[in-house]
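Residues per chain are reported as follows:
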Amino acid sequence: MKPRLTLALIYGSARDGRFCDTVADWLLRHLPDMIEADILTVDPAHLNAGSSMARTEVERRIGRDLARADGFLVVTPEYNHGYPAALKELIDCYQKPWSAKPVAFVSYGGVSGGLRAVEQLRQVFAEVGAATTRETVSFANAWEQFDAEGNPRAPEDVLRRLRALVVQLDWWMTTLKHGRDTVVFREVA
Ligand SMILES: Cc1cc2nc3c(=O)[nH]c(=O)nc-3n(C[C@H](O)[C@H](O)[C@H](O)COP(=O)(O)O)c2cc1C
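Residues numbered from 1 in each chain as written. Predicted model: local features only at pLDDT ≥ 70, side-chain atom pairs only at ≥ 80, totals over all residues. Heavy atoms only, no water.

A closer look at the environment of Leu-47
Positionally, Leu-47 belongs in the loop between β2 (37–42) and α2 (52–68). The buried category is assigned to Leu-47, whose relative accessible area is 1%. Along the sequence, Leu-47 and Val-118 sit 71 residues apart, while their C-alpha atoms lie 22 Å from each other. Excluding residues within four positions of it along the chain, Leu-47 makes contact with Arg-55, Val-58, Glu-59, Ile-62, Glu-89, Leu-90 and Cys-93. (Helix = DSSP H or I, 4+ residues; strand = E, 2+ residues; numbered from the N terminus. Buried < 20%, exposed > 50% of the residue type's maximum accessible area, 1.4 Å probe, protein only. Contact = heavy atoms within 4.5 Å.)

A few points about helix α1 (residues 20–34)
Over its 15 residues, α1 runs 21 Å from end to end, which matches the ideal 21 Å to within 8%, given 1.5 Å per residue. In α1, a bend of some 30 degrees at Leu-28 exceeds every other bend along the element, and Pro-32, a proline, comes one to four places later. Where α1 is concerned, the buried positions are Cys-20, Val-23, Ala-24, Trp-26, Leu-27, Leu-31 and Met-34. Tucked into the core, α1 has its buried residues touching β1 (5–11), β2, β3 (71–76), β4 (102–109), β5 (131–140) and α6 (155–182). (Expected span 1.5 Å × (residues − 1). Bend = angle between axes of the 7 residues up to and from the residue.)

Some thoughts on the nonpolar core
Judged by nonpolar contacts, the single largest core of 29 residues is most densely connected at Leu-27, Val-106, Phe-139 and Leu-162. Among the secondary structure elements, those contributing two or more residues to this core are β1, α1, β3, β4, β5 and α6. Every residue in contact with Leu-162, bar those within four places of it in the chain, is listed here: Trp-26, Leu-27, His-30, Met-34, Val-106 and Val-137. If you look at the next biggest cluster of nonpolar residues, it comprises 24 residues, including Leu-87, Tyr-94, Val-103 and Val-128. (Core = buried A, V, L, I, M, F, W, Y, C linked by side-chain atoms within 4.5 Å.)

Topic: the sheet that holds β2
If you walk across this open sheet you meet the five strands as β2-β1-β3-β4-β5, and the pairing is parallel. Edge positions in the open sheet fall to β2 and β5, since each of these has one partner strand only. Neighbouring strand axes in the sheet, compared pairwise and without regard to direction, differ in orientation by 20 degrees on average. When β4 meets β5, the two strands line up parallel, connected through seven bridges. The residue of β5 that forms the bridge with Gly-109 is Ala-140. Running at roughly 165 degrees to β5, helix α4 (residues 115–127) makes contact with β3, β4 and β5 of the sheet. (Pairing = 2+ DSSP bridges. Axes fitted to C-alpha atoms, helices over the stretch in contact; angles between N-to-C directions.)

In structure tokens form, the structure reads like this:
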């Protein structure tokens, strides 16, 4: 029997007024129809929202959510041809919760649609032991691609690409969960 999975959607931007919410909200409307999984959200904006004591508690909570997750969907923009600092800070706060789990990307931005940030993130996630998936969805000039209700203007095409991404992510989540549950991982010093 296929185990129940948990998918964490990770916000890449922590900016006030971020476009990230438009893309993430669209995903959260469609993901439940595409994958049998509990879906939770992880937001780097919460990390620096309060006092240092509050931060410790937020770090713990996010750590628990990441540990619970069997896979990650990162929704990232591109800043100066790279990934946002807030997303890198979130990744750097943790090591173990990423290990032997898949990461997929939905990106957005100007002409490149955030794909340069995605390619850099593949290097970062490799270092924390995660496996990045091939299929991506990207929105070039993203603000032109969504209508006032936050829906893509060409929904069939992006939904087809999102389905392909989710099928691949589901396979990796299921397969790596089985691996983590059944095969002892020995690190060679
Ligand atoms: C500091 C900064 C640098 C940016 N650099 C790029 C870039 O190199 N390439 C690009 O396609 N878009 C770039 N953009 C445009 C962003 O991708 C776009 O504003 C996006 O909406 C940012 O995501 P956010 O609103 O969720 O933070 C940049 C935006 C900012 C604020």
